[in-house]
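# A closer look at the structure
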Amino acid sequence: MPVNPWVELKINPRFKPGADDGIGPEEDHGAMTITDYLINAIFVLVVLRQARERELDRRSIVVPLLLVFFVAQMYLHSIPTAGNDLILIGLLAAVGLALGIASGFATHVRAGEAGLAVARVGWLAATLLIAGIGSRMVFAFVVSHGLRTDVASFSIAHHISAAAWPTALVLMAICEVVTRITIVQLCGRQAMSDQAPSTAAIPATA
């Protein structure tokens, strides 16, 4: 049953029809742009390239973080605070952290022979990464293919503005990527640290 914003305004004077309208401007829930698809494709390509073992060198940190910085600069211009926006953003950011932790520990890390740890993304880690990275694309797709009214109704019922959804989804992906990078690097250092004593224990031969 549709909600009349003016009736809701009488019940809750702090309710703002414009800010809490789940439908919002077209650009918030519109179709994905070519740039959106390219960014998601680059992230997925980075994940797929790690299906083979690669050394955890500076490039393994710098390249993903540069992509994260670019995405943040492109999409995160402000943090919506109307209604329950911060709750949604916090919840999805927590989901991103959980996905990052899971994908980080699901990544196969071992000590390498060249003084650096090596890592390989398994199918579970890859699935979790792609799910988090592609969440905004999936959301835009389902909204533009029949679920727009359902999302709008949910947003209105829970006082969530249209701008909160893309912000929350982008933050979820960023939290996942950054958390995963951090855990993999820490696991790599631990693997190299564990190898050092065993290497030192091997007696030198004449």
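Structure shown above.
Since the structure is predicted, the reported quantities are computational estimates derived from the model, not experimental observations.

### Quick notes on the nonpolar core
Within the largest apolar cluster, 18 residues are counted, with the highest numbers of intra-cluster contacts made by Phe43, Val47, Val71 and Val177. Those elements giving two or more residues to this core turn out to be α4 (34–49), α5 (58–75), α7 (123–133) and α9 (164–201). In this structure, Phe139, Ile160, Ala164 and Met172 belong to the second largest nonpolar core, which totals 13 residues.

### Some details on the pattern of salt bridges
Under the counting rule described, the total for this entry stands at 2 salt bridges. Salt-bridge contacts for arginine 110 lead to glutamate 53; the nearest nitrogen and oxygen are separated by 2.9 Å. A residue pair is termed long-range when its members are at least 10 positions apart, and arginine 110 in strand β2 (residues 108–111) and glutamate 53 in the loop between α4 and β1 (54–55) qualify at 57 residues. With a relative accessible area of 34%, arginine 110 lands in the partly exposed category. The class of glutamate 53 is partly exposed, set by a relative accessible area of 40%. Here the residues in one salt-bridge network are Glu53, Arg110 and Glu113, joined through shared partners.

### Here's the deal with the sheet that holds β2
Spatially, 3 strands are ordered β1-β3-β2 in an open sheet, and the strand pairing comes out antiparallel. Edge positions in the open sheet fall to β1 and β2, since each of these has one partner strand only.

### Quick notes on the environment of glycine 96
Structurally, glycine 96 can be placed in helix α6 (residues 85–106). A relative accessible area of 0% means that glycine 96 is categorised as buried. Excluding residues within four positions of it along the chain, glycine 96 makes contact with Met172, Cys175 and Glu176.

Conventions we followed
- Residues numbered from 1 in each chain as written.
- Predicted model: local features only at pLDDT ≥ 70, side-chain atom pairs only at ≥ 80, totals over all residues.
- Heavy atoms only, no water.
- Core = buried A, V, L, I, M, F, W, Y, C linked by side-chain atoms within 4.5 Å.
- Buried < 20%, exposed > 50% of the residue type's maximum accessible area, 1.4 Å probe, protein only.
- Helix = DSSP H or I, 4+ residues; strand = E, 2+ residues; numbered from the N terminus.
- Salt bridge = Lys/Arg side-chain N within 4 Å of Asp/Glu carboxyl O.
- Pairing = 2+ DSSP bridges.
- Contact = heavy atoms within 4.5 Å.

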